[in-house]
Amino acid sequence: MNARYEILDLKYIFGGMEQHIYPAVLLGEDGAVLIDCGYPGSLPMIEAQLQDHGIDPRSLTKLVLTHQDDDHTGAAAELKEKYPDIQILASCEEAPYISGERKNLRLQQGEDLQEQLPEDQKAFGEQFCQRYRDLVPVLPDILLHSGDRFDWGGGCEILATPGHTPGHISIRALDGEYMVTGDAAVLEGGALTIANPEFCLDMEAAENSLAEMTRRECRRYICYHGGVLER
């Protein structure tokens, strides 16, 4: 089965600076599967990007969340509200944080660091924490495990890539055509590297995950931050 996928380009302006993130859409006979969904408020941009790629937003059947960070889960509640039949999928480890059953680890990290920040950075730190307090939780409909296989995008498998967060997952084409990295790898300077080491919750695990991903030797690494690395 030939790999069928599209790469979206969501553009944001923060502090006068432009930022791009790249969710992937894996296409199948029964609809489209969106991998991650941007910050809160991103739904109109997602819909416009889908349409630009010839995909009817109503054809979305699933939303896979690679992990709990707000730039990956932020629009999940908006998608579920407008398209209630969409199924939300996440790893067993990440699901309690995405659903709100447990306190988001990124919020916990921010709160732990807040008192250590210099005075001139405390306001930014508090804004960061408030972002996560305001994040609308969603209940995953399906729990994913490493090794799970699906027919999305021509056939793919779930790969556990912990480190950035404990239950982070990536998605690899069975034929090696692509790897959707989430935040397990970013593209910087033409190479794959660890995303935001200062936010990485387990650096050793993150290094092992990156090594495993590169060992798989996919033709294209679709990085949420940085774009596509061609091999």
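Structure's up top.
Residues numbered from 1 in each chain as written. Predicted model: local features only at pLDDT ≥ 70, side-chain atom pairs only at ≥ 80, totals over all residues. Heavy atoms only, no water.

**Examining the state of the cysteines**
Enumeration over the complete set of coordinates arrives at zero disulfides. The cysteine cysteine 129 is free of any disulfide, with cysteine 200 supplying the nearest cysteine sulfur at 19 Å. Residue cysteine 218 stays outside any disulfide, its sulfur separated by 11 Å from that of cysteine 223, the closest cysteine. Cysteine 218 sits in the buried class, given a relative accessible area of 1%. (Disulfide = S-S within 2.5 Å. Buried < 20%, exposed > 50% of the residue type's maximum accessible area, 1.4 Å probe, protein only.)

**So, the sheet that holds strand β7 (residues 87-91)**
To summarise the sheet geometry, strands pair through backbone hydrogen bonds and adopt either a parallel or an antiparallel arrangement. Ordered in space as β1-β4-β5-β6-β7-β8, the six strands form an open sheet in which the pairing is mixed. Across the chains shown, the open sheet's two edge strands, defined by having one partner strand only, are β1 (5-7) and β8 (142-144). Put simply, the sheet's adjacent strands are angled 25° from each other on average, direction ignored. Taken together, the three bridges between β1 and strand β4 (residues 24-28) define a ladder with antiparallel strand orientation. Within β4, the residue paired with glutamate 6 across the bridge is valine 25. (Pairing = 2+ DSSP bridges. Helix = DSSP H or I, 4+ residues; strand = E, 2+ residues; numbered from the N terminus. Axes fitted to C-alpha atoms, helices over the stretch in contact; angles between N-to-C directions.)

**Thoughts on the pairing of strand β12 (residues 178-182)**
In terms of burial, β12 is a largely internal element, five of the five residues being buried. With burial as the criterion, each face of β12 is covered, one bearing Tyr178, Val180 and Gly182 and the other bearing Met179 and Thr181.

**Notes on the nonpolar core**
Nonpolar side chains tend toward joint burial in soluble globular proteins. Of all hydrophobic cores here, the largest spans 28 residues; its most connected members are Val25, Leu34, Cys37, Ile46, Leu63, Leu65 and Leu79. With near-sequence residues (within four places) excluded, isoleucine 46 lies in contact with Leu10, Leu34, Cys37, Ala75 and Leu79. Counting 18 residues, the second largest nonpolar core, distinct from the first, contains Tyr5, Ile7, Cys156 and Tyr178. (Core = buried A, V, L, I, M, F, W, Y, C linked by side-chain atoms within 4.5 Å. Contact = heavy atoms within 4.5 Å.)

**Focus on the layout of surface pockets**
To find leftover empty space, a probe the size of one water molecule is rolled over the atoms. Roughly 660 Å³ of internal volume is contained in the largest pocket. The wall of the largest pocket is formed by 23 residues, among which Gln19, Tyr39, Asp71, Arg131 and Asn196 lie closest to the centre. Breaking the lining of the largest pocket down by element, the ones donating at least two residues are β3 (17-21), α2 (70-73), α6 (119-133) and β13 (186-188). Looking at the lining of the largest pocket, the element that brings in the most residues is α6, giving four residues. The computed volume of the second largest pocket comes to approximately 220 Å³. Contributing to the lining of the second largest pocket are Arg106, Gln109, Gly110, Leu113, Gln114, Leu117, Gln121, Phe124, Gly125, Phe128, Glu198 and Phe199. (1 Å grid on protein atoms, 1.4 Å probe; cavity = no way out; pocket = protein on both sides within 12 Å on 5 of 7 lines; lining within 4 Å. Points joined across faces, edges and corners; volume = space filled by probe spheres on them.)

**Quick look at the sheet that holds strand β16 (residues 227-230)**
Taking strand neighbours across the sheet as the criterion, the six strands line up as β9-β10-β11-β12-β15-β16 in an open arrangement whose pairing is mixed. Looking along the sheet, the strands with just one partner apiece sit at the ends: β9 (149-150) and β16. Where β12 meets strand β15 (residues 220-223), four bridges bridge the pair, whose relative direction is parallel. Residue pairing across strands places tyrosine 178 opposite arginine 220, the latter belonging to β15.

**Some points on the environment of aspartate 148**
Take aspartate 148: it is sitting in the loop between β8 and β9. Counting along the chain gives 11 residues from aspartate 148 to leucine 159, while the straight-line C-alpha distance between them is 8.1 Å. Discounting residues that sit within four places of it in the chain, aspartate 148 has contacts with Leu143, Cys156, Glu157 and Ile158.

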